[in-house]
Each structure stands twice: as structure tokens, then as C-alpha cells.
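Descriptive structure summary
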Amino acid sequence: PSSSPQLRPQLQVPEFAPAAIAADSAIGAEFLAAVRPMAHSIAHGVSPSTGVHRVVWTVDAEKLRNHERQAVSPSFELPLGGESVATRLVLFPRPPTGARGGASFKKSQGWGSVQLKCEASAGSVVFQVSVGDGARQTRGPVLHDFADHSTCGLPKGSEHWDLGRAVNKSTQTFAVCLDILPRSGA
């Protein structure tokens, strides 16, 4: 059983196949290298061996230098309750502490959080998130039920990323990686 933080106390994070959480060569570096991502693009792959769905959003680093209050990925389809459902990733800047005005990526100095937004009104998902270029530190897994809320993210205390450190200096992009993990018994 996983001892990871949960979004809602009544939800239990199911057991995972160890292979699903471990690096999966079918959707790992080979997948990312073959895609040759462009800024503001989505790549989606599924591991035939573990069933992990990996979505990689390549983000233009310019977003971190402006006064935008969010960045939204292109739409992608994820399986949820036997159907494909339109889903997006959303980046939000870390809110300022004691500063005047609202949050922006420029004010947050490139710090932000990742949210998963789904158009479904029911169904649950188990996911983990990583941000970076190349080697990534993964956070999660998190279990979320879209019947409770259409948007979810990592638990408080682990939700913020230094997105500026994730920028590839030569391409001026960074990657947000979402892994949808198979659930035991699913």
C-alpha cells in the first residue's frame, strides 16, 4: 500500500504494480526523443507493458517571464470510466506573500503549480506529475475523484515547482509530464 498524501481523507490510494511507478522504457526517454517536442505541444503515449498513460506538455519558457496568471495546455484525451474525456494541464504561478496585486509568473520568479482539469463530472484517476528537462523528480501518486471537483493537483506542501530551473537553455522550453497510473483491480 502507498503512504502518499491524499487529496480527500475518504479516498484511499490503491496499490500499484511496482512496474507502473518505475521508469518505463516504452514511454520514457525513447518516447520523448522520438517526439522532438515544439513549444506548446502535447505528446501522449501509452505503455503496452504497464498501461501507464504519459502526457508530456512542452511549454515555452517565455511564459515564466510575463505577467500571465495561468498557462493552459492544448486539450488531450484520457480514458476515464471507459470513455475518452477531454483534459488539459494548467500552470498557475505561486501566489505572492505580502505583495500587492495578484499572482503572475513574473512576480513568482518562475515558481508555479500544475493542475489537471477534466471535462468529466464523474470518475477517478490516479496520477503523478514531474517537471523538468531530462531527469525528472516525480511527485505523487494522487487519487482524485472528478465527481468532487473538475480540477485537481498535488497536495499542499508539494504542489509548487521551480519551473525556471526546469528550462532547457538551448530550446527555451520545459516539460510538464503527467503519468496516469493503472489502478489495481482496474
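My aim in this report is to walk through the structure given alongside it, one point at a time.

**Brief notes about the overall build of the chain**
Counting its secondary structure elements, the chain contains 2 helices and 11 strands. Traced from its N-terminal end to its C-terminal end, the chain shows the element sequence α-α-β-β-β-β-β-β-β-β-β-β-β. A total of 186 residues make up the chain; the buried ones form 45% of that total. Within the chain, contacts between residues at least 6 apart in sequence are counted, and of these 61% link residues at least 24 apart. Of the roughly 9,600 Å² that the chain leaves accessible, carbon and sulfur atoms contribute 52%.

**Topic: the nonpolar core**
Side chains of a nonpolar character, in soluble globular proteins, are inclined to be buried together. Counting residues in each nonpolar core, the largest one holds 33 residues, and the members touching the most others are Leu 91, Leu 116, Phe 127, Phe 174, Val 176 and Leu 178. Sorting the residues of this core by element identifies strand 2 (53-60), strand 4 (76-80), strand 5 (83-93), strand 6 (111-118), strand 7 (124-132) and strand 11 (173-180) as the ones contributing at least two each. Residues contacting Phe 174, with those up to four places away along its chain left out, are Trp 57, Thr 58, Val 59, Asp 60, Ala 61, Leu 64, Leu 91, Val 131, Gly 132, Leu 163, Ala 166 and Val 167.

**Remarks on the sheet that holds strand 2**
Overall, antiparallel pairing links the 5 strands, which are arranged 1-2-11-7-8 in an open sheet. Each end of this open sheet is capped by a strand with a single partner; those strands are strand 1 (41-46) and strand 8 (137-145). Across this sheet, the average inter-strand angle for adjacent strands is 20 degrees, counted without regard to direction. Pairing of strand 7 with strand 11, which is carried by 6 bridges, proceeds in the antiparallel orientation.

**So, unusual backbone geometry**
Excluding glycine, a negative phi dihedral is what most residues carry, and trans is how most peptide bonds are arranged. In this chain, Gly 140 is followed by Pro 141 through a cis amide linkage whose omega measures 5 degrees. Along the chain, Pro 141 turns up in strand 8. The residue His 40 is not glycine, and still its phi comes out positive at about 60 degrees. One non-glycine residue, Gln 172, lies in the positive phi region at around 55 degrees. Relative to the assigned elements, Gln 172 resides in the loop between strand 10 (160-162) and strand 11.

**Comments concerning the pattern of salt bridges**
The full count for this structure, using the stated rule, is 3 salt bridges. Linking Arg 54 and Asp 179 is a salt bridge whose minimum nitrogen-to-oxygen distance equals 2.7 Å. Linking Arg 54 in strand 2 with Asp 179 in strand 11, this pair joins segments that are 125 residues apart in sequence. With respect to burial, Arg 54 and Asp 179 carry one shared label: buried.

**Examining the pairing of strand 1**
Look at any regular strand and the pattern is simple: side chains alternate between the two faces of the sheet. Only one face of strand 1 is buried, namely the one carrying Ser 41, Ala 43 and Gly 45, since none of Ile 42, His 44 and Val 46 on the opposite face is buried. Counting the residues that bridge the hairpin from strand 1 to strand 2 gives 6 residues, and of these Gly 51 lies at a positive phi of roughly 80 degrees.

**A short note on the environment of Ile 42**
When you line up the elements, Ile 42 lands in strand 1. Residue Ile 42 is classed as partly exposed on the basis of its relative accessible area, which comes to 25%. Sequence separation between Ile 42 and Leu 89 is 47 residues; the distance between their C-alpha atoms is 9.9 Å. When residues no more than four places from it in sequence are discounted, the contact partners of Ile 42 are Val 55, Val 56, Trp 57, Ser 73, Pro 74 and Phe 76.

**Overview of the environment of Arg 165**
Among the secondary structure elements, Arg 165 is positioned in the loop between strand 10 and strand 11. For Arg 165, a relative accessible area of 71% corresponds to the exposed category. Along the backbone, Arg 165 and Gly 110 are 55 residues apart, and their C-alpha atoms lie at a distance of 8.4 Å.

**What to know about the packing of aromatic side chains**
To describe a pair of aromatic rings, one takes the distance between the centres and the angle between the planes. With the rule as written, the count across this model stands at 0 aromatic pairs. Sitting over the face of the ring of Trp 161, Arg 139 holds its NZ or CZ atom 3.6 Å from the ring centroid.

Thresholds applied
- Residues numbered from 1 in each chain as written.
- Predicted model: local features only at pLDDT ≥ 70, side-chain atom pairs only at ≥ 80, totals over all residues.
- Heavy atoms only, no water.
- Helix = DSSP H or I, 4+ residues; strand = E, 2+ residues; numbered from the N terminus.
- Buried < 20%, exposed > 50% of the residue type's maximum accessible area, 1.4 Å probe, protein only.
- Contact = heavy atoms within 4.5 Å.
- Areas by Shrake-Rupley, 256 points an atom, 1.4 Å probe, with all protein chains shown as cover.
- Core = buried A, V, L, I, M, F, W, Y, C linked by side-chain atoms within 4.5 Å.
- Pairing = 2+ DSSP bridges.
- Axes fitted to C-alpha atoms, helices over the stretch in contact; angles between N-to-C directions.
- Salt bridge = Lys/Arg side-chain N within 4 Å of Asp/Glu carboxyl O.
- Phe/Tyr/Trp six-rings, centres within 6.5 Å; stacked < 30°, edge-to-face > 60°.
- Lys NZ or Arg CZ within 6 Å of the ring centre and 35° of its normal.

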